[in-house]
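# Structure at a glance
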Amino acid sequence: MALFRAKPDPMSLTMALVESHTSGDRGMIEQARQGLAPVSTLDILQSLYRFGQVLNNVSLTPEQAAAIEEEIEATVANPEMTAAIQNVGRAILIQRSQPALVDAVNTYGTPLQNSTSDQFRQMTLTLAAITGSICRRLEVRFNWK
């Protein structure tokens with residue numbers, strides 16, 4: 001047992017959830033979701049955005065970009081949730097810019113933040129699942145600590 005083990009940061013915990021969705025292992029998914037319980041929704045969203053920034057350093061082929069768009073478009077939920085997932089997802093994974101993310105969250109996330117069932121967090125966790133599906137399709141390998 002290490003005496004000074006560092007507490008995992010939000011990015012590592014978020015990527016653990018994305019990686020678990022990549023593998024499709026339900027046990028890993030549940031364990032990763034539980035690990036994220038104390039992490040704020042905005043920290044998870046920021047971590048997903050930071051992952052999107054990693055994609056800026058990669059030259060995606062048109063086929064890979066189309067695969068990302070397909071995964072985002074495949075979302076089925078109530079109309080407000082679908083619009084939020086698709087628009088915030090595009091801002092994170094396709095446009096990959098802070099202004100696009102802020103605009104999408106302000107436009108599509110605000111109605112979800114006012115819900116009593118924490119739909120904003122549900123949207124964010126769904127985006128983590130979509131990111132995992134994208135990683136599976138693009139054959140992304142993880143090396144997070």
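Residue positions are counted from 1 within each chain, in the order its sequence is given. Per-residue local features of the predicted model are confined to residues with pLDDT of at least 70, and side-chain atom pairs are confined, for both listing and counting, to 80 or more; whole-chain, interface and lining totals are unaffected and use all residues. Here the side-chain values reflect all heavy atoms present in the structure, with hydrogen atoms and water set aside.

### Brief notes about the overall build of the protein chain
Our working rule: Here a strand is any run of E in DSSP of at least two residues, a helix any run of H or I of at least four, and the numbering for each starts at the N terminus. Put simply, the radius of gyration uses C-alpha atoms, and a globule should come to 2.2 Å times the residue count raised to 0.38.
Assigned secondary structure in the protein chain consists of seven helices and zero strands. For the protein chain, the α and β elements follow one another from N to C terminus as α-α-α-α-α-α-α. Here the C-alpha radius of gyration of the protein chain, 15 Å, is about what a compact globule of 145 residues would show, namely 15 Å. Principal-axis analysis of the C-alpha atoms places the extent of the protein chain at approximately 45 × 40 × 30 Å.

### Some thoughts on the nonpolar core
In plain terms, the rule: By nonpolar core we mean a set of buried residues, namely Ala, Val, Leu, Ile, Met, Phe, Trp, Tyr and Cys, connected to one another through side-chain atoms within 4.5 Å. Exposure classes here rest on a 1.4 Å probe applied to the protein chains alone. A residue is buried below 20% of its type maximum, exposed above 50%, and partly exposed in between. Contacts between residues were defined by any pair of non-hydrogen atoms, one from each residue, lying within 4.5 Å.
Counting residues in hydrophobic clusters, the biggest one holds 39 residues, and the most contacted among them are Leu48, Val88, Ile92, Leu93, Met123 and Leu127. Only helix 1 (10-23), helix 2 (26-35), helix 3 (41-56), helix 4 (62-73), helix 5 (79-95), helix 6 (98-113) and helix 7 (119-138) provide two or more residues apiece to this core. When residues in this core are grouped by element, the largest group, nine residues, is from helix 7. Beyond its immediate sequence surroundings of up to four residues, Ile92 is in contact with Leu45, Leu48, Tyr49, Gly52, Leu101 and Leu127.

### Focus: the pattern of salt bridges
Short version of the rule: Each salt bridge in this description consists of a side-chain nitrogen of Lys or Arg and a carboxyl oxygen of Asp or Glu lying within 4 Å of one another.
Summed over all chains, the structure comprises four salt bridges. Where Glu70 meets Arg137, a salt bridge forms, and the shortest distance between an N and an O atom there is 2.8 Å. Residue Glu70 is located in helix 4, and its partner Arg137 is located in helix 7; the two are separated by 67 residues in the primary sequence. Exposure remark for Glu70: the relative accessible area of 45% places this residue in the partly exposed category. Of the residues examined, Arg137 reaches a relative accessible area of 40% and is grouped as partly exposed. In this structure, Arg90 engages Glu73 in a salt bridge whose closest nitrogen and oxygen atoms are separated by 1.9 Å.

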